[in-house]
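# Summary of the model geometry
Each chain is listed here by its residues.
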Amino acid sequence: MPQVPCADEPDPGPARRLTARQAARRARILRATARLAARGGYEAVQMREVAESSQVALGTLYRYFPSKVHLLVATMQDQLAHLHRTLRKSPPTAPTPSARVAETLMRAFAALQREPRLAEAMTRALTSADRSVSPEVDRISHRTTALILDAIASPTPPTPGRLSAIRVIEHTWHSTLLTWLSGRSSIAEVRADIETACRLLDLTDA
């Protein structure tokens with residue numbers, strides 16, 4: 001369920017600057033968006049329907065989110081934030097950093113598997129986003145990086161080489177999500193590709 005980001009979470013975006021009432025309204029909008037997308041996918045998310053479902057005026061909705069793409073990208077960011085909180089409460093337990101990152105990303109993948117229409121809608125919005133959505137897309141990248149760094153659990157800051165490996169892992173994760181959604185990859189293939197990419201961490205300095 002979408003929630004307002006906690007103060008200690010990285011790059012929470014506009015929600016940090018909202019009043020409590022505004023934050024509650026924004027969360028209500030994102031919950032309505034997730035419900036509509038889970039039922040009917042990308043096409044089911046219409047701004048008027050979201051406004052009615054979340055009980056806000058259409059003009060108010062557009063002040064929060066200028067377009068459907070902004071809305072669905074924000075929903076993806078919110079879903080990742082919720083996952084991040086869950087992982088902090090129950091972190092991965094594998095013995096090596098690469099295995100912990102693979103475990104983390106497969107848990108994220110499993111969450112998306114449970115709602116494939118929602119996953120398709122969010123991913124479609126992400127891949128079609130133009131420069132006007134760049135800040136929101138950047139926040140998704142920051143959140144994914146934070147998930148990976150938490151799983152690595154290194155006491156020292158990452159080196160440039162490790163950050164490069166993390167970027168490759170992120171690219172692989174998003175690519176496998178796309179190929180799975182389009183029916184071109186099985187879950188076994190997704191897992192194998194993610195585990196292969198995560199082994200790049202074994203080749204970098206901590």
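Description of the structure in this document. Here the structure is a predicted model, which is why all the values come from computation and not from measurement.

## Focus: the packing of aromatic side chains
Scanning all chains against the criterion turns up 2 aromatic pairs. Considering the side-chain rings of Tyr64 and Phe65, the 6.4 Å spacing of their centres and the 35° angle between planes classify their relative orientation as tilted. With relative accessibility at 4%, the residue Phe65 sits in the buried group. Judged by centre distance (5.3 Å) and plane angle (70°), the ring pair of Phe109 and Trp180 falls under edge-to-face. Within this pair, whereas Phe109 is found in helix α5 (residues 97–114), its partner Trp180 is found in helix α8 (residues 160–181), the two being separated by 71 residues in sequence. With a relative accessible area of 18%, Trp180 lands in the buried category.

## Quick notes on the layout of surface pockets
When its volume is computed, the largest pocket comes out at roughly 490 Å³. Together, 22 residues line the largest pocket, and Gln79, His82, Ala111, Glu115 and Leu118 are the ones closest to its centre. Contributing elements (two or more residues each) for the lining of the largest pocket: α1 (20–40), α4 (68–89), α5 and α6 (116–128). Considering every element that reaches the lining of the largest pocket, the biggest residue donor is α4, with 7 residues.

## Let's talk about the side chain of Glu136
Locating Glu136 in the fold gives a position in helix α7 (residues 134–152). Setting aside chain neighbours within four positions, we find Glu136 in contact with His70 and Val73.

## Details of the pattern of salt bridges
Following the criterion strictly, the structure yields 4 salt bridges and no others. Across the pair Arg124 and Glu43 runs a salt bridge whose closest N-O atoms are separated by 3.1 Å. Taken together, the positions of Arg124 in helix α6 and Glu43 in the loop between α1 and α2 (47–54) put the pair 81 residues apart, joining distant regions of the chain. For Glu43, a relative accessible area of 48% translates into the label partly exposed. Residues Glu136 and Arg139 are paired through a salt bridge, measuring 3.6 Å at the closest nitrogen-oxygen approach. With a gap of 3 residues between them, Glu136 and Arg139 both fall in helix α7, about one helical turn apart. Summarising the burial analysis for this pair, Glu136 and Arg139 share the class buried.

## Focus on α2
Residue pairs spaced three or four apart in an α-helix point in one direction, given the helix's 3.6 residues per turn. Those residues of α2 that sit buried are Met47, Val50, Ala51 and Ser54. Summarising the axial view, the buried residues of α2 lie within an arc of 100°, below the 170-degree limit, and thus occupy one face. Turned more than 90 degrees from where α2 packs its buried face, Arg48 and Glu52 sit exposed. In this structure, the buried residues of α2 make contact with α1, α3 (58–64) and α4.

## Observations regarding the environment of Leu112
Position of Leu112 among the secondary structure elements: in helix α5. Each C-alpha atom of the pair Leu112 and Gln79 lies 9.3 Å from the other, and the pair is 33 residues apart in sequence. Residues contacting Leu112, with those up to four places away along its chain left out, are Ala119, Met122, Trp173 and Leu177.

Criteria and cut-off values
Residues numbered from 1 in each chain as written. Predicted model: local features only at pLDDT ≥ 70, side-chain atom pairs only at ≥ 80, totals over all residues. Heavy atoms only, no water. Phe/Tyr/Trp six-rings, centres within 6.5 Å; stacked < 30°, edge-to-face > 60°. Buried < 20%, exposed > 50% of the residue type's maximum accessible area, 1.4 Å probe, protein only. Helix = DSSP H or I, 4+ residues; strand = E, 2+ residues; numbered from the N terminus. 1 Å grid on protein atoms, 1.4 Å probe; cavity = no way out; pocket = protein on both sides within 12 Å on 5 of 7 lines; lining within 4 Å. Points joined across faces, edges and corners; volume = space filled by probe spheres on them. Contact = heavy atoms within 4.5 Å. Salt bridge = Lys/Arg side-chain N within 4 Å of Asp/Glu carboxyl O. Arc of directions from axis to C-beta.

By themselves, these figures tell us nothing about what the structure is for.
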